[in-house]
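This is what each chain is made of:
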Amino acid sequence: MRIEIPQFIWIAWFVIVSIATILATIRAIVGPTNSDRAVGLDTWTTITTGFWVILALYFFQYILLSVSMVYAILSFLGVLAIARYLERGL
Amino acid sequence: MVDLILGWTGVVLVFIGVFFLFLGALGIFRLPDLFNRLQAGTKATTLGVVSTTIGVGLIAKGWLVFSLALAIFLLMTNPISSHALGRASYRAGVKPYKGTNPDLYAEKVKKESDQK
Amino acid sequence: MEKAEASSINRYFYAVVLYFFLWIILTYPFSIQEWEAGAAIAFTASLLSYKELSISGLKNIKRIGILLFWYLPVFIRELIKANLHVAGLVLNPKMPIKPGFVKIKTNLKSPVARVWLANSITLTPGTLSVDIEGQYIYIHWITVGSTDVEHASEEIAGSFEKILEVMFR
């Protein structure tokens, strides 16, 4: 059960999150150093976790919430691995 | 009635969350050096994703428990990853923005690299 | 490696309680079958990992209580303040930033408490903890207020240090 949410609210959410994702992606592409790219990637994954949660609500599937949990765990581990790599190499 | 009030509170929370996610990305895009970017990125996106998650938990009935667990997990892990990135990139030789003053951390890093 | 405060059996039961609680949360629509499976898995998984999970055992449950009812309200207030600060900074066309690395001194003894303090500092207005070295925490501050160690410690860590001192006593 969930309340009826008007179409324009969904569109507003998706548009704002998409713009945020695009800005983070630009930072992840442009750089200028590898560390900047890692920071862009970190922000990107956090935004995507939020996006998964909204998608779970949109399709109204409880299982997608679990997907976002797994995504959050994996992105955390990934960012830690990247940080370790930046500090002293693999 | 209660459902309706909780649901619309949730919608407002998701709006706030989405807005702060956007602000975090804008901060990443605009600020001049890595550490300032990391600050904006961490704080704004953490509040954004936590607020979004709790809002979704309020909108859909019966999701609140899991979404609170997800929110607590994100609150605990996000600062750690940003801390790791900041420390690693300072040691990897990223120079802070030229207006950075004072820079007490530089002394420590220099001392440690001399010891090696 | 720090010396453990509590006995192994104490730490083992703390791990069991924590894992079982986590299992209940993650399989939320409650059912008795899930709980049975969860109990079996919690006892087994704790056997493998209780040494790494905690050093003070069941005492941590009291700490989680303090965490929820005292630490969390202060923390949420600071988090919202921090975000309004960031929002003001990012949306301002001129971006009035004045960054710097300062160091602060903490009186907390336990390493876990120091980690919590560093984590809290990251989410409070304008500060990001970069490194810990013994009693000192190095902090990137986006609008530097004072470079003096004592003064900066009071300004940045003051409100959390009191709570964490009680929490990790």
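Residues numbered from 1 in each chain as written. Chains lettered and ligands numbered in written order. Predicted model: local features only at pLDDT ≥ 70, side-chain atom pairs only at ≥ 80, totals over all residues. Heavy atoms only, no water.

**Examining the interface of chain B and chain A**
The interface of chain B with chain A comprises 44 residues on the first partner and 49 residues on the second. In this assembly, chain B packs against chain A so that about 4200 Å² is buried in total across both faces, 82% of it on carbon and sulfur atoms. The tally of links between chain B and chain A comes to two salt bridges. Its salt-bridge partner being glutamate 87 of chain A, residue arginine 87 of chain B comes within 3.2 Å of it at the nearest N-O pair. Summed over the shared surface of chain B and chain A, the number is four residue pairs in polar contact (both at pLDDT 80 or more). At the level of elements, helix 1 (2-30), helix 2 (34-59) and helix 3 (64-91) of chain B are the ones that each hand at least two residues to the side of chain B that touches chain A. Residues of the side of chain B that touches chain A, tallied by class, amount to 29 nonpolar, ten polar and five charged. (Contact = heavy atoms within 4.5 Å. Buried area = accessible area lost by both parts, 1.4 Å probe. Salt bridge = Lys/Arg side-chain N within 4 Å of Asp/Glu carboxyl O. Polar contact = N/O pair within 3.5 Å; in protein donor to acceptor, adjacent residues only side chain to side chain. Helix = DSSP H or I, 4+ residues; strand = E, 2+ residues; numbered from the N terminus. Nonpolar A, V, L, I, M, F, W, Y, C, P; charged D, E, K, R; others polar.)

**Looking at the sheet that holds strand 1 (residues 100-105) of chain C**
Across the sheet, which stays open at both edges, the three strands sit in the order 1-3-2 (chain C) with antiparallel pairing between neighbours. Two strands close off the open sheet at either side, each with one partner strand: strand 1 and strand 2 (127-133) of chain C. Recorded for the sheet is a direction-independent mean angle of 30° between the axes of neighbouring strands. Relative to the sheet, helix 2 of chain B contacts strand 1, strand 2 and strand 3 (136-141) of chain C, its axis offset from that of strand 2 of chain C by approximately 110°. (Pairing = 2+ DSSP bridges. Axes fitted to C-alpha atoms, helices over the stretch in contact; angles between N-to-C directions.)

**Quick look at helix 2 (residues 34-59) of chain A**
Under the 1.5 Å per step criterion, the end-to-end length of helix 2 of chain A is 36 Å for 26 residues, consistent within 8% with the ideal 38 Å. Phenylalanine 60 of chain A lies just past helix 2 of chain A and shows a positive phi near 55°. (Expected span 1.5 Å × (residues − 1).)

**Looking at the domain arrangement of chain C**
A common measure of how large an interface is: the accessible area buried when the components associate. Under the domain assignment used here, chain C contains domain 1 (8-53) and domain 2 (70-167). Relative placement of domain 1 of chain C and domain 2 of chain C: their C-alpha centres are 34 Å apart. (Domains from an automatic or database assignment.)

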